[in-house]
There are 2 protein chains.
Amino acid sequence: MIKAVLFDLDNTLIDYMKMKETASEEAINAMVDAGLKLSKEKALKKLFQYYKRFGIEDQTIFDKFITDVQGKLDYKILAEGIIAYRKIKGGYLKPYPHTISTLIKLKEKGLKLGIVSDAPRKQAFLRLAESKLTFFFDFVIALEDTGKLKPHKMPFKKAIKILKLKPTEILFVGDNPSRDIKGAKLAGMKTALAKYGQIYKEKGIKADYSLKDLRDLLKVIEKENKKQRL
Amino acid sequence: MIKAVLFDLDNTLIDYMKMKETASEEAINAMVDAGLKLSKEKALKKLFQYYKRFGIEDQTIFDKFITDVQGKLDYKILAEGIIAYRKIKGGYLKPYPHTISTLIKLKEKGLKLGIVSDAPRKQAFLRLAESKLTFFFDFVIALEDTGKLKPHKMPFKKAIKILKLKPTEILFVGDNPSRDIKGAKLAGMKTALAKYGQIYKEKGIKADYSLKDLRDLLKVIEKENKKQRL
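Summary of the structure given here. (Residues numbered from 1 in each chain as written. Chains lettered and ligands numbered in written order. Predicted model: local features only at pLDDT ≥ 70, side-chain atom pairs only at ≥ 80, totals over all residues. Heavy atoms only, no water.)

**Some points on the packing of helix α1 (residues 16-33) of chain A against helix α4 (residues 75-92) of chain A**
Residues and elements named next belong to chain A. Applied cut-off: Axes here mean lines fitted to C-alpha atoms, for a helix over just the part in contact, with angles spanning 0 to 180 degrees between N-to-C directions. Counting from the N terminus, the helices are DSSP H or I runs at least four residues long and the strands are E runs at least two residues long. Oblique is the label for every angle not falling under 35 degrees (roughly parallel), over 145 degrees (roughly antiparallel), or within 65 to 115 degrees (roughly perpendicular). Here is the rule for handedness: rotate from the far helix to the near one, and if that takes an anticlockwise turn smaller than a right angle the crossing is left-handed, while a clockwise turn gives right-handed. Residues are treated as being in contact if the distance between any of their heavy atoms lies within 4.5 Å. Following the grouping adopted for this structure description, the nonpolar residues are Ala, Val, Leu, Ile, Met, Phe, Trp, Tyr, Cys and Pro, the charged ones are Asp, Glu, Lys and Arg, and the polar ones are all others, Gly among them.
Close contact between α1 and α4 brings their axes to 8 Å; oriented N to C, the two are set at 150 degrees. It follows from the interaxial angle that α1 and α4 lie roughly antiparallel. For the element pair α1 and α4, the recorded crossing hand is right-handed. Contacts between α1 and α4 involve Lys18, Met19, Lys20, Thr22, Ala23, Ser24, Glu26, Ala27, Ala30 and Met31 from the first element and Ile77, Glu80, Gly81, Ala84, Tyr85, Ile88, Lys89 and Tyr92 from the second. Classifying every residue of the contact of α1 with α4 by side-chain character gives 10 nonpolar, 3 polar and 5 charged.

This is how it looks when you write it as structure tokens:
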């Protein structure tokens, strides 16, 4: 009997990479317009190398990028980039289709809902607020809560402790096989892969279920809970 | 002969306080909605006391405010507040009426334009970018450039040095008599008070001109430069 559903946040509930790509492109356009000494194509490529190098959550990535390209931190270029990025982020950071209606139905069924994210706490809550998802979740486990990234057992253990449930009563939904699915399986939870959000194709780690759309989750839970009642 | 115009930024070119008030009100509404243990009225009053105590530029004012009210930093409340604030800021942070058309006319006349602001550099450039004013200005003097707030002579001296002009060839436009007008007068510049943006009513410091609308500036310059030609 599934009594709780845990979700990864970025690329599972929120189309984070699409926002990141579109916002970064607009930021680069604005920076080039403000005097960045690189073509748009080269600049965008370089910026994504910086994301790879310093991490997608680095909050000073534009500062580093501009300092490197210009030889100093040009605040005119920085500000134009940040403002352009934010304008897109505000519009693009939203849940995948059927997310809110699915979450409402899960609540109706009396399921507990939680977030287990590798994002820093403030960023996770900002993204939830921006996409109007905050109030659906009973708790949010972010990076600072355990200091460990998935698939480390700590974030999963912490969720089990908060829920006071058996791991088999918990379904974990995530887009990343080697982080979300691997970790949840090791913790003894049921798993569903958010295929619609998947960026990394990894073989060898198989989830119990695969979701082409978040609302497929409702069928998964129905199936699981029917099994138990037999 | 006026050859350059220097502007204060907040409440002279940009209606900063109106944005601050409206955005703060929306932020408080969102925070109360997310569980802040205060009524909207009391919370808003308290937040403005915090602005007064820690300064209007303090970037962690919500953190401090929430920690005090809730007894701990609740990230759900913080994130909802920040997102609500940003939504308003994006729409509200714009130039006063006739700003862009006036700046274009000043450029046509061949005048040099600069900003002398007490705001931190990054904030000043973000506000310029947000309000689409960046490219009108030949330079921006922000807090870090001298480390001194107006009416200290340093920011004014720095502007004179950059412009390589006599102080009498420079017109300073600002809303704050005891900071902008006093400082510019001491530096030997001509002065115009942005009455439309004025929050602090101070007597005893009289500007050479008073502007009811930013476009009045064009008449001021015409008058000044006709005087010189006589």
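**Brief notes about helix α9 (residues 177-186) of chain A**
Residues and elements named next belong to chain A. The condition that has to hold: Only protein chains enter the accessibility calculation, which uses a 1.4 Å probe. A residue is then buried if its area is under 20% of the maximum for its type, exposed if over 50%, and partly exposed in between. Polar contact criterion, stated in full: a pair of N or O atoms within 3.5 Å, where within protein one must be able to donate a hydrogen and the other to accept it, and residues adjacent in sequence count only if both atoms are side-chain atoms.
Turning to α9, its buried residues are Pro177, Asp180, Ile181, Gly183 and Ala184. Buried residues along α9 sit against α8 (153-163), β4 (170-174) and β5 (190-194). Its side-chain oxygen at 3.2 Å from the backbone nitrogen of Ser178, Asn176 defines the N-terminal cap of α9. In the segment just after α9, Gly188 is the residue with positive phi, at about 90 degrees.

**Brief notes about a positive patch on the surface**
The cut-off we apply is this: Grouping into patches uses exposed residues only, defined as over 30% relative accessible area, and leaves out salt-bridged ones; the cut-off is 9 Å for like charges and 5 Å for nonpolar side chains (Val, Leu, Ile, Met, Phe, Trp, Tyr). Only the protein chains shown count as cover for residues, and all accessible areas are computed by the Shrake-Rupley method using a 1.4 Å probe. Criterion for a salt bridge: a side-chain nitrogen of Lys or Arg within 4 Å of a carboxyl oxygen of Asp or Glu. Under this rule, positive means Lys or Arg and negative means Asp or Glu; His and the chain ends count for nothing. Here the site of a charge means atom NZ of a Lys, CZ of an Arg, CG of an Asp or CD of a Glu.
A grouping of Arg86(A), Lys122(A), Arg86(B) and Lys122(B) is seen on the molecular surface, where their side chains present a positively charged patch. Topologically, Arg86(A) is positioned in helix α4.

**Description of the sheet that holds strand β1 (residues 4-7) of chain B**
All names here are of chain B. Going by this rule: For two strands to be treated as a pair, DSSP must find at least two bridges joining them.
Strands sit in the order β3-β2-β1-β4-β5-β6 across an open sheet of 6 strands; the sheet is parallel. Edge strands, defined here as strands with exactly one partner in the open sheet, are β3 (139-141) and β6 (209-211). Across the sheet, the mean angle from the axis of one strand to that of its neighbour is 25 degrees, orientation sign disregarded. As judged from the 4 bridges shared by β1 and strand β4 (residues 170-174), these two strands associate in the parallel manner. If you follow Val5 over to β4, its bridge partner there is Leu171.

**Looking at the packing of aromatic side chains**
The following threshold applies: Note on aromatic pairs: the rings of Phe, Tyr and Trp (six-membered ring only in Trp) are paired at centre separations within 6.5 Å, and the planes decide the class, stacked below 30 degrees, edge-to-face beyond 60, tilted for the rest. Ring-over charges, as used throughout, are those where CZ of Arg or NZ of Lys falls within 6 Å of the ring centre and within 35 degrees of the ring normal.
Scanning the entire structure with this criterion turns up 15 aromatic pairs over all chains. On the basis of an interplanar angle of 75 degrees and a centroid distance of 5.0 Å, the ring pair of Phe48(A) and Tyr51(A) is categorised as edge-to-face. Of the two residues, Phe48(A) and Tyr51(A) both sit in helix α2 (residues 40-54), 3 residues apart, roughly one turn of that helix. Ring geometry for Tyr50(B) and Phe65(B): centres 5.9 Å apart, planes at 85 degrees, overall edge-to-face. With a gap of 15 residues between them, Tyr50(B) in helix α2 (residues 40-54) and Phe65(B) in helix α3 (residues 61-70) connect regions that are remote in the sequence. Both residues of the pair, Tyr50(B) and Phe65(B), count as buried. We note Arg53(A) situated over the ring of Tyr50(A); from NZ or CZ to the ring centre the distance is 5.8 Å.

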